Amino acid sequence: MGIREFPGGAPRGKSIAVGMRRSPDVSPRRLSDISPQLRQLKYLVVDEAIKEDLKWSRSVEDLSSGPLGLTSIEERILRITGYYGYQPWAASYKREERPRDSPGPAEAQAPAGAEAGGRTSHPCWRCSRAQLKKMFWGVAVVLCVCSSWAGSTQLAKLTFRKFDAPFTLTWFATNWNVLFFPLYYVGHICKSTEKQSVKQRYRECCRFFGDNGLTLKVFFTKAAPFGVLWTLTNYLYLHAIKKVNTTDVSVLFCCNKAFVFLLSWIVLRDRFMGVRIVAAILAIAGIVMMTYADGFHSHSVIGIALVVGSASMSALYKVLFKLLLGSAKFGEAALFLSILGVFNILFITCIPVILYFTKVEYWSSFDDIPWGNLCGFSVLLLTFNIVLNFGIAVTYPTLMSVGIVFSVPVNAVVDHYTSKIVFNGVRVIAIIIIGLGFLLLLLPEEWDVWLVKLLTRLKI
């Protein structure tokens, strides 16, 4: 919207107004004095909104019997071209800049029958009820994220006692990603008022990849790299579970939030925030202390390195997604995750086969595979990703991230009763430091302004 530009780049209208405007004491008296400027009017192209304002301004001024009475053709042209300091559209924009009679949405306004200074409790009740509903869904989402993430971690640990094949488990669970788009479409049919066929919805979601949709080039340049990062993130996480306990794995993976901030600051040029730098430092300090808690043994150091690598791959996945693809709607995100599942089936299947025949990940017979554990882990991981990607529709994004932090004490309780983990002082401090850094990263950008307002209200 606005005034279009010449091919050279200068805005039309603006250059005319600058070139023709004069001070009131040297205003022209004949049209011949401004003939060069009038010839430029044929290049002036104005948007429809401004044209309507011009029509409205001229019709009102010409019909009104004001003191000026601008009715001659010459004075109309002088007025339109900006002479005498008069610009018709300025009045309309000033009217728009003034505060409206209704400063907020309809729910925040008093009823028409209320007195001028009185307030009613109905708008506040509506607002609080909506917030309570969102908070209720938030609690449900937090519990779902916490239980699915902690459950999948514990079930993976249990699976490795019978089936020592982390990459095969990663491949098997990633194949379930193909269900994302079908599940989304079922929800679309149940909730949407404008129902579309699968083909129509697919084509609309494919616009996320560009004007040409999902082509072979787009598949290999924009989907395949994320498929590799997805596989590496899950494989490193599962492989680390074999080396260290699930409490350490889950708390160290929370550092991915700090890595996302650092990469976004460097790559995406996001806003610098001192509190997030402090959170990143706390995360790094927690990693070092967690390593020290086990005495720098090779087994634990390798496990911690694997978790940090998994958190780094997860952070790289998120930052590159924002850099290359931007933000995605629910349908587009579901289609993208289903495409990752297709990529996994087509191009990653060969790796578990190679690992099987080279006996890196070997099992004697398919009857020995704990299919119940594999399917349970895949369902829990699929549920976790569904809630994490689509939970924003019903609650706040911060609450979903809190669910990941709450999985740490859940894993700690399970490890206390099922393994020989020792919660010494260093390990406890490391867990607290990493958890604190994660919570600091959840603070909004205007947290200091909100804090000042809160303190001001408390003083009052």
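The name given to the protein in an unreviewed UniProt entry is Solute carrier family 35 member F3 isoform X4, with the source organism recorded as Vulpes vulpes.

Draft legend 1. Spotlight on the overall build of the protein. Helix and strand content of the protein: 20 helices and 0 strands. Counting across all 460 residues of the protein, residues that qualify as buried make up 39%. For the protein, the proportion of contacts with a sequence separation of at least 24, taken over those separated by at least 6, is 79%. In the form shown here, the protein has an accessible surface area of approximately 27100 Å², with 64% of it arising from carbon and sulfur atoms.

Draft legend 2. Just empty space enclosed by the protein, in detail. Counted according to the given criterion, the structure contains 2 cavities of 30 Å³ or more. Counted as a void, the largest cavity has a volume near 50 Å³. Secondary structure elements with two or more residues in the lining of the largest cavity: helix H6 (122–159), helix H10 (216–243) and helix H17 (371–390). The computed volume of the second largest cavity comes to approximately 40 Å³. The wall of the second largest cavity is formed by Ala173, Trp176, Asn177, Trp230, Ser378, Leu381, Leu382 and Asn385.

Draft legend 3. Quick look at unusual backbone geometry. The backbone of Arg269 sits at a positive phi, close to 60°, despite the residue not being glycine. Among the structural elements, Arg269 can be located in the loop between helix H12 (256–267) and helix H13 (274–293). Unusually for a residue other than glycine, Lys359 sits at a positive phi of about 60°. You can see Lys359 is positioned in the loop between helix H16 (350–357) and H17. Assessed through its relative accessible area of 59%, Lys359 is described here as exposed.

Draft legend 4. Molecular detail of helix H15 (residues 330–348). Taking 1.5 Å per residue, 19 residues should reach 27 Å; H15 reaches 26 Å between its end C-alpha atoms and fits that length. In terms of burial, H15 is largely enclosed, as 14 of its 19 residues are buried.

Draft legend 5. How the structure looks around the nonpolar core. Residues Leu238, Leu252 and Phe377 are the most contacted members of the largest nonpolar core, which totals 63 residues. What Phe377 contacts, discounting residues up to four positions off in sequence, is Ser152, Leu155, Ala156, Leu169, Ala173 and Leu238. Tyr184, Cys205, Phe219 and Leu340 belong to the second largest nonpolar core, which has 30 residues in total.

Draft legend 6. Spatial organisation of the layout of surface pockets. Estimates place the volume of the largest pocket at around 1900 Å³. Secondary-structure elements contributing two or more residues to the lining of the largest pocket are H10, H12, helix H14 (298–324), H15, H17, helix H18 (397–418) and helix H19 (425–441). Counted as a void, the second largest pocket has a volume near 480 Å³. Around the second largest pocket, the lining is made up of 13 residues, and of these Tyr184, Gly187, His188, Lys191 and Phe390 lie nearest the centre. Broken down by secondary-structure element, the contributors of at least two residues to the lining of the second largest pocket are helix H8 (180–191) and H17. Here the element with the most residues in the lining of the second largest pocket is H8; it accounts for 6 residues. Tallied by class, residues from the lining of the second largest pocket come to 8 nonpolar, 3 polar and 2 charged.

Draft legend 7. Seen up close, the confidence of the model for the protein. Residues at a pLDDT of 70 or more form 72% of the protein, whose mean pLDDT is 76. Within the protein, the lowest mean pLDDT, 38, falls on helix H5 (residues 88–97), and the highest, 96, falls on helix H7 (residues 166–174). Across residues 1–29, where pLDDT falls below 50, the model places 41 contacts with residues more than four positions away in sequence or in other chains. Ignoring residues within four places in sequence, the model shows residues 82–126, a span with pLDDT below 50, making 31 contacts including any to other chains.

Draft legend 8. The arrangement of the environment of Val228 in detail. Locating Val228 in the fold gives a position in helix H10. On the basis of relative accessible area, Val228 is assigned to the partly exposed category, the value being 38%. In sequence terms Val228 and Met313 are 85 residues apart; their C-alpha atoms lie 9.6 Å from each other.

Draft legend 9. Fine view of the side chain of Asn411. Here Asn411 is to be found in helix H18. Taking relative accessible area as the criterion, Asn411 reaches 0% and is therefore assigned buried. Every residue in contact with Asn411, bar those within four places of it in the chain, is listed here: Ala150, Thr153, Gln154, Thr246, Thr247 and Ser250.

Draft legend 10. Representation of the packing of H7 against H10 in the model. Two numbers describe how H7 lies on H10: the axes approach to 9 Å, and their chain directions differ by 135°. Judged by the inter-axis angle, H7 sits oblique to H10. Remark: the crossing between H7 and H10 carries right-handed chirality. Contacts from Pro166, Phe167, Leu169, Thr170 and Thr174 in H7 reach Trp230, Thr231, Asn234, Tyr235, Leu238, His239 and Lys242 in H10. Among the residues forming the contact of H7 with H10, the class breakdown is 6 nonpolar, 5 polar and 1 charged.

Each value, and the rule that gives it
- Residues numbered from 1 in each chain as written.
- Predicted model: local features only at pLDDT ≥ 70, side-chain atom pairs only at ≥ 80, totals over all residues.
- Heavy atoms only, no water.
- Helix = DSSP H or I, 4+ residues; strand = E, 2+ residues; numbered from the N terminus.
- Buried < 20%, exposed > 50% of the residue type's maximum accessible area, 1.4 Å probe, protein only.
- Contact = heavy atoms within 4.5 Å.
- Areas by Shrake-Rupley, 256 points an atom, 1.4 Å probe, with all protein chains shown as cover.
- 1 Å grid on protein atoms, 1.4 Å probe; cavity = no way out; pocket = protein on both sides within 12 Å on 5 of 7 lines; lining within 4 Å.
- Points joined across faces, edges and corners; volume = space filled by probe spheres on them.
- Expected span 1.5 Å × (residues − 1).
- Core = buried A, V, L, I, M, F, W, Y, C linked by side-chain atoms within 4.5 Å.
- Nonpolar A, V, L, I, M, F, W, Y, C, P; charged D, E, K, R; others polar.
- pLDDT = per-residue confidence, 0-100.
- Axes fitted to C-alpha atoms, helices over the stretch in contact; angles between N-to-C directions.
- Parallel < 35°, antiparallel > 145°, perpendicular 65-115°, else oblique.
- Left-handed = near helix turned anticlockwise from the far one by under 90°.

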